[in-house]
2 protein chains.
Amino acid sequence: MAQRSGATAQPIRTAVTADEGIDFSIIELMYFAYRDFTSDPDQILAEYGFGRAHHRVLHFVNRLPGLTVAELLDVLKITKQSLARVLKQLIDAGYIVQVQGPRDRRQRELYPTPKGRTLTLALARPQSRRIHAALEGAGETERAWIERFLKAMVNPELRAQIDHLPGNTPGKDHGE
Amino acid sequence: MAQRSGATAQPIRTAVTADEGIDFSIIELMYFAYRDFTSDPDQILAEYGFGRAHHRVLHFVNRLPGLTVAELLDVLKITKQSLARVLKQLIDAGYIVQVQGPRDRRQRELYPTPKGRTLTLALARPQSRRIHAALEGAGETERAWIERFLKAMVNPELRAQIDHLPGNTPGKDHGE
DNA sequence: TAATTTATGTCAATAGTGCTGACATAAATT
DNA sequence: AATTTATGTCAGCACTATTGACATAAATTA
């Protein structure tokens, strides 16, 4: 509607910069970095007929073996209907198995199979290589700053969740 | 086929850690950080009936006003068919205008309208706020390391492209 | 000038991932 | 016995991306 009233809106010919105090550089870097970071596993996944969603499920089932469907949904922040298709495919293809919960028999504990573990490692390997290359020249201090930055980008209420993953140094949250 | 042969594959009950030398912490942090980083603009975009693809187009048209369709495709690394719908919607709604190329009249230079500029800033604002909060306590040195890390995560052949964006300090590439 | 290439646009079909809403079952809880 | 919880499933829709094919206008080349 707005542009229909006669004259076309004028083109702005100046670039947005950091003028407004907005950090366009890091905004762009996040986009480019994440895009290329996911491109390596995406290529491998395509060979298996899988997508990025399968990768995420495989990843967290391998990181938190025995987690229930509800817990997985809580980590991924997606709906059970979204998970259903992807999880079913991974189970049918023998990458993940379900085990009836010992205490609560309604629950399905999710575990990787050897095949699932192997694929997870194959998907993580190029990502880890990229990270190592990007950390070249960085010491423990710099690495800690980078991890701290990434963690601080996460919504505060979800940071505790990250600490529950294996091999993560908890507590080093700044601010409060 | 693999799991159909009689016995079901055994569940692996141990978590993958950094054992294999793989950096699972940063892999996960990249996922969580990017997911939450994009959630703020996603909410705003939904009010306009737009998606993440519209955000990217708006962003780079504002950062590189006057870039051609071909140049935009090269930055985003998507196909022209993917861009078409999104760009058409942004033009029809008056966020972007096309100007015939002065040298080559086949080209369409893309510029934001005032409306497009305003929306771009509104989308960038919460992301920038999140970044500033995540950089709390970091000095110029730490910020430089973080930017260097993110840039080094990008495929080498595309890093030069980043330097052409306004307000980016070029050259500070490490390695070679 | 004529032929070709380039920049852009468009139509059609498909895939992957997410969503909402509705309904079903079994097991736990009240 | 009634209700709630954990999970699964069906159906439909939205967004973003893909490939392939074809069309037009303008630039370049022969």
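This structure is a prediction, so every number in the text was calculated from the model and none was measured. (Residues numbered from 1 in each chain as written. Chains lettered and ligands numbered in written order. Predicted model: local features only at pLDDT ≥ 70, side-chain atom pairs only at ≥ 80, totals over all residues. Heavy atoms only, no water.)

*Asks:* Quick one: what's the story with unusual backbone geometry, residue by residue and with numbers?
*Replies:* Note: most residues except glycine have negative phi, and most peptide bonds are trans. Even without being a glycine, K77(A) presents a positive backbone phi close to 60°. Tracing the chain through its elements places K77(A) in the loop between helix 3 (69-76) and helix 4 (80-92). (Helix = DSSP H or I, 4+ residues; strand = E, 2+ residues; numbered from the N terminus.)

*Asks:* Pulling in residues and values, what's your account of the sheet that holds strand 1 (residues 67-68) of chain B?
*Replies:* Residue and element names in this part refer to chain B. Read from one edge to the other, the open sheet built from 3 strands follows the order 1-3-2, with strand pairing classed as antiparallel. Of all strands in the sheet, those with a lone pairing partner are strand 1 and strand 2 (96-100), marking the two edges. Where strand 2 lies against strand 3 (residues 108-112), 5 bridges are found, and the strand directions are antiparallel. The residue bridging V97 from the neighbouring strand is Y111, located in strand 3. (Pairing = 2+ DSSP bridges.)

*Asks:* Mind laying out helix 7 (residues 156-163) of chain A, listing which residues take part and the relevant values?
*Replies:* Among the residues making up helix 7 of chain A, those that are buried are L158(A), R159(A), Q161(A) and I162(A). Angularly, the buried residues of helix 7 of chain A cover 155° about the axis, an arc narrow enough to put them on a single face. When the buried face of helix 7 of chain A is taken as reference, the exposed residues oriented beyond 90 degrees from it are P156(A) and E157(A). In the core, the buried residues of helix 7 of chain A are packed alongside helix 3 and helix 6 (140-153) of chain A together with helix 1 (24-48) of chain B. (Buried < 20%, exposed > 50% of the residue type's maximum accessible area, 1.4 Å probe, protein only. Arc of directions from axis to C-beta. Contact = heavy atoms within 4.5 Å.)

*Asks:* Residue-level account of the packing of aromatic side chains, with values.
*Replies:* Residue and element names in this part refer to chain B. Taken as a whole and judged by the stated rule, the model has 15 aromatic pairs over all chains. When the ring of Y48 is compared with that of Y95, the centres are 6.3 Å apart and the planes differ by 75°; the resulting orientation is edge-to-face. Of this pair, Y48 sits in helix 1 while Y95 sits in the loop between helix 4 (80-92) and strand 2; the two residues are 47 residues apart in sequence, bridging distant segments of the chain. Across from the ring centre of Y95, 4.6 Å away, lies the NZ or CZ of K115, which sits over that ring. (Phe/Tyr/Trp six-rings, centres within 6.5 Å; stacked < 30°, edge-to-face > 60°. Lys NZ or Arg CZ within 6 Å of the ring centre and 35° of its normal.)

*Asks:* Go over the relation of the copies chain B and chain A, please, and point to the residues and values.
*Replies:* Superposing chain B onto chain A takes a rotation of 180° plus a shift of 0.0 Å along the axis, which leaves an RMSD of 0.0 Å. As the rotation angle and translation indicate, the two copies are arranged about a two-fold axis. When C-alpha positions in chain B are compared against the rotation axis, the closest is assigned to I146(B), at 2.8 Å. Most of the interface of chain B is mirrored in chain A, where 100% of its interface residues are also at the interface. (Least-squares fit on C-alpha atoms with pLDDT ≥ 70 in both.)

*Asks:* Describe the pattern of salt bridges, naming the residues involved and giving the relevant values.
*Replies:* All names here are of chain A. In total, this model carries 20 salt bridges over all chains according to the counting rule given. Across the salt bridge formed by K88 and D92, the nearest N and O atoms sit 3.2 Å from each other. With K88 and D92 both in helix 4 and 4 residues apart, this pair spans about one turn of that helix. The class for K88 is exposed, based on a relative accessible area of 53%. Salt-bridge contacts for E147 lead to R143; the nearest nitrogen and oxygen are separated by 2.7 Å. Taken as a pair, E147 and R143 lie in helix 6 at a separation of 4 residues, close to a single helical turn. (Salt bridge = Lys/Arg side-chain N within 4 Å of Asp/Glu carboxyl O.)

*Asks:* So what about the packing of helix 2 (residues 52-63) of chain A against helix 5 (residues 114-134) of chain A? Which residues, and what values?
*Replies:* Residue and element names in this part refer to chain A. The interhelical angle for the contact between helix 2 and helix 5, taken along N-to-C directions, is 110°, at an axis separation of 10 Å. Considered as vectors, helix 2 and helix 5 are oriented roughly perpendicular to each other. Contact with helix 2, carried on its side by H55, L58, H59 and N62, involves G116, R117, L119, T120, L123 and Q127 of helix 5 and no other residues of that element. (Axes fitted to C-alpha atoms, helices over the stretch in contact; angles between N-to-C directions. Parallel < 35°, antiparallel > 145°, perpendicular 65-115°, else oblique.)

*Asks:* Residues and numbers for the protein's contact with DNA strand C, please.
*Replies:* The environment of DNA strand C is formed by 25 residues, the closest being G51(A), R52(A), S82(A), K80(B) and R106(B). Taken together, the sugar and phosphate atoms account for 56% of what DNA strand C places within 4 Å of the protein. A distance of 3.5 Å separates a phosphate oxygen of DNA strand C from a polar backbone atom of V69(B). Where the surface near DNA strand C is concerned, the elements lending two or more residues are helix 2 and helix 4 of chain A together with helix 3 (69-76) and helix 4 of chain B. Residue contributions to the surface near DNA strand C peak at 4 residues, all from helix 2 of chain A. (Near = heavy atom within 4 Å. Polar contact = N/O pair within 3.5 Å; in protein donor to acceptor, adjacent residues only side chain to side chain.)

*Asks:* Describe the interface of chain B and chain A, listing the residues and the values that go with them.
*Replies:* Every contact between the two is made by 85 residues of chain B and, on the other side, 88 residues of chain A. When chain B packs against chain A, the two sides together hide about 8,000 Å² of surface, and 67% of this comes from carbon and sulfur. Among the residues chain B hides against chain A, the three largest losses belong to I12(B), Y31(B) and M153(B). Together they make up 8% of the total. Here chain B and chain A share 4 salt bridges between them. Salt-bridge contacts for R63(A) lead to E28(B); the nearest nitrogen and oxygen are separated by 2.4 Å. On the surface where chain B and chain A come into contact, there are 32 residue pairs in polar contact (both at pLDDT 80 or more). Listing elements by their share of the side of chain B that touches chain A, those giving two or more residues are helix 1, helix 2 (52-63), helix 3, strand 2, strand 3, helix 5 (114-134), helix 6 (140-153) and helix 7 (156-163) of chain B. Among the elements that line the side of chain B that touches chain A, the one with the most residues is helix 1 of chain B, at 14 residues. (Buried area = accessible area lost by both parts, 1.4 Å probe.)

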